[in-house]
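Results of the structural survey
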Amino acid sequence: MPRRLQTISIVIPVFNEARNAPLLHREILAHVKKLPYKFEFIYVDDGSRDFSSEAIEELAKSQQNIHLIQFSRNFGKEAAVSAGLHAAKGDAALIIDADFQHPPSLIADFIKKWKAGADVTVGIRRYSAGESWFKRF
């Protein structure tokens, strides 16, 4: 009997990211397409004032595994992440910011840590020597 592919839920909180959402989605797909998992993408629009929801709805027309949760107003990133995790149906969940703060190229590394037994994995950013104090803060 063939084994069931595990599903990874990718939760993406969004606030005024109409331009970034399609670019980010394309970048994520480039990094997950060869991985042996099914993926669901849960975008949580945290009360955007631009056309973020419309951009995500347009993406969802071409893929059934894209879901949109739309807040009536801005509740903050933590509420958006919580709503996305609550809606997630996957065997594991990843959280990625829509503004490219979290590189999609690391998705496979995080999944590998989960498969090795980690319950929670957190990425810690390394700073370059040339970055300003403000950016490091």
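Just so we're clear, the structure is a prediction, and the values are computed from it rather than from any experiment.

All right, on to the overall build of the protein chain then. In terms of helices and strands, the protein chain carries five helices and four strands. Considering only contacts in the protein chain between residues 6 or more positions apart, those separated by 24 or more positions represent 75%. Total accessible area on the protein chain stands at roughly 9,200 Å², and carbon and sulfur atoms take up 54% of it.

One open sheet accounts for four strands, arranged β3-β2-β1-β4; its pairing is parallel. On the outer flanks of this sheet lie β3 (66–70) and β4 (92–95), each paired with one strand and no other. Between one strand and the next, the sheet's axes are offset by a mean angle of 20 degrees, whatever the strand orientation. Relative to strand β2 (residues 38–45), strand β1 (residues 7–14) is paired through eight bridges, and the arrangement is parallel. Residue pairing for β2: Val14 is matched across the bridge by Asp45. Set on the sheet, helix α4 (residues 107–115) makes contact with β1, β2 and β4; between it and β4 the angle comes to about 145 degrees.

Across the protein chain, pLDDT averages 91, with 89% of residues at or above 70. Predicted confidence in the protein chain is weakest over helix α5 (residues 133–136), with a mean pLDDT of 58, and strongest over β2, with 98.

Tracing the backbone shows Ala60 in helix α2 (residues 52–60). Considered as a pair, Ala60 and Phe41 are 19 residues apart in the sequence and their alpha carbons are 9.5 Å apart.

On the surface, Val120, Val122 and Ile124 cluster together into a nonpolar patch covering about 380 Å² of accessible area. Take Val120: it is sitting in the loop between α4 and α5. Overall, the relative accessible area of 69% leaves Val120 in the exposed class.

The rules behind the values
Residues numbered from 1 in each chain as written. Predicted model: local features only at pLDDT ≥ 70, side-chain atom pairs only at ≥ 80, totals over all residues. Heavy atoms only, no water. Helix = DSSP H or I, 4+ residues; strand = E, 2+ residues; numbered from the N terminus. Contact = heavy atoms within 4.5 Å. Areas by Shrake-Rupley, 256 points an atom, 1.4 Å probe, with all protein chains shown as cover. Pairing = 2+ DSSP bridges. Axes fitted to C-alpha atoms, helices over the stretch in contact; angles between N-to-C directions. pLDDT = per-residue confidence, 0-100. Patch = residues over 30% accessible without salt bridge, like charges linked within 9 Å, V, L, I, M, F, W, Y side chains within 5 Å. Salt bridge = Lys/Arg side-chain N within 4 Å of Asp/Glu carboxyl O. Buried < 20%, exposed > 50% of the residue type's maximum accessible area, 1.4 Å probe, protein only.

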